[in-house]
Amino acid sequence: MFSSNQVLEVSGSLLHENEIESALEFALKYSGEEKNMQPKEIKRGCKLLYQITKDGKYCIGWGFESIPEGWLEYPFKFDIGIVSRIIRKHIYDFPLEVGNLDGNYEKGFIMQCINKCMSAEKDGIKSPDYGIVYFKPYTCFYSK
């Protein structure tokens, strides 16, 4: 489990299909929540969940037996590859924000850990105590 004030931020490009998958795999392993994907734990009642916030964050979280307020269960067995493609598609639909800097831009993502707190909602995330990480759109800039 991440500490309550964990700092984790990873940015990457949407042009490289495996970057979201690599980031998500790292976060699940590093947080210890990867264990919830094991058949024994699933049988016990563990589940990996998701929610999409009003501002477009795609959040990954966990539950045990019941589903926390604001979270949804995947309608299929959790698979990092499939979920990564869903996240990529979700983020790709957001417009590219181009600044006034001289260089090239491309669509990307930022993955950040969800800080634990017992409040009903924080930063648009419902039941954040069950959150692991979220992904949001990001513009990758390459200077000349």
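Computed from a predicted structure; not experimentally measured.

*Asks:* Help me understand the nonpolar core, please; the structure alone is not making it clear to me.
*Replies:* Generally speaking, a soluble globular protein has its nonpolar side chains buried in company with each other. By size, the foremost hydrophobic cluster in this structure holds 23 residues, and its most contacted members are L24, I60, I87, V133 and F135. Among the secondary structure elements, those contributing two or more residues to this core are α1 (18–31), β2 (46–52), β3 (58–64), α3 (80–92), β5 (103–113) and β8 (131–143). Sort the elements by how many residues they give to this core and α1 lands first, with five residues. In contact with I60, not counting residues within four places along its chain, are L24, L49, W71, Y74, V83, I87, I114, G131, I132 and V133. In terms of nonpolar packing, the next biggest core, distinct from the first, is built from six residues, L49, C59, I114 and Y134 among them.

*Asks:* I would appreciate a short explanation of the packing of aromatic side chains in the present structure.
*Replies:* Aromatic ring pairs are reported here in terms of the distance separating the ring centres and the angle at which the planes meet. Inspection of every chain in the model, using the stated rule, returns eight aromatic pairs. Ring centres of Y74 and F78 lie 5.5 Å apart, and the angle between their planes is 75 degrees; this geometry places the pair in the edge-to-face category. We classify F78 as buried; its relative accessible area is 14%. With a centroid separation of 5.1 Å and an interplanar angle of 45 degrees, the aromatic rings of Y105 and F141 are classed as tilted. Within this pair, whereas Y105 is found in strand β5, its partner F141 is found in strand β8, the two being separated by 36 residues in sequence. Accessibility expressed as a relative area gives 32% for F141, which makes it partly exposed.

What counts and how
Residues numbered from 1 in each chain as written. Predicted model: local features only at pLDDT ≥ 70, side-chain atom pairs only at ≥ 80, totals over all residues. Heavy atoms only, no water. Core = buried A, V, L, I, M, F, W, Y, C linked by side-chain atoms within 4.5 Å. Buried < 20%, exposed > 50% of the residue type's maximum accessible area, 1.4 Å probe, protein only. Helix = DSSP H or I, 4+ residues; strand = E, 2+ residues; numbered from the N terminus. Contact = heavy atoms within 4.5 Å. Phe/Tyr/Trp six-rings, centres within 6.5 Å; stacked < 30°, edge-to-face > 60°.

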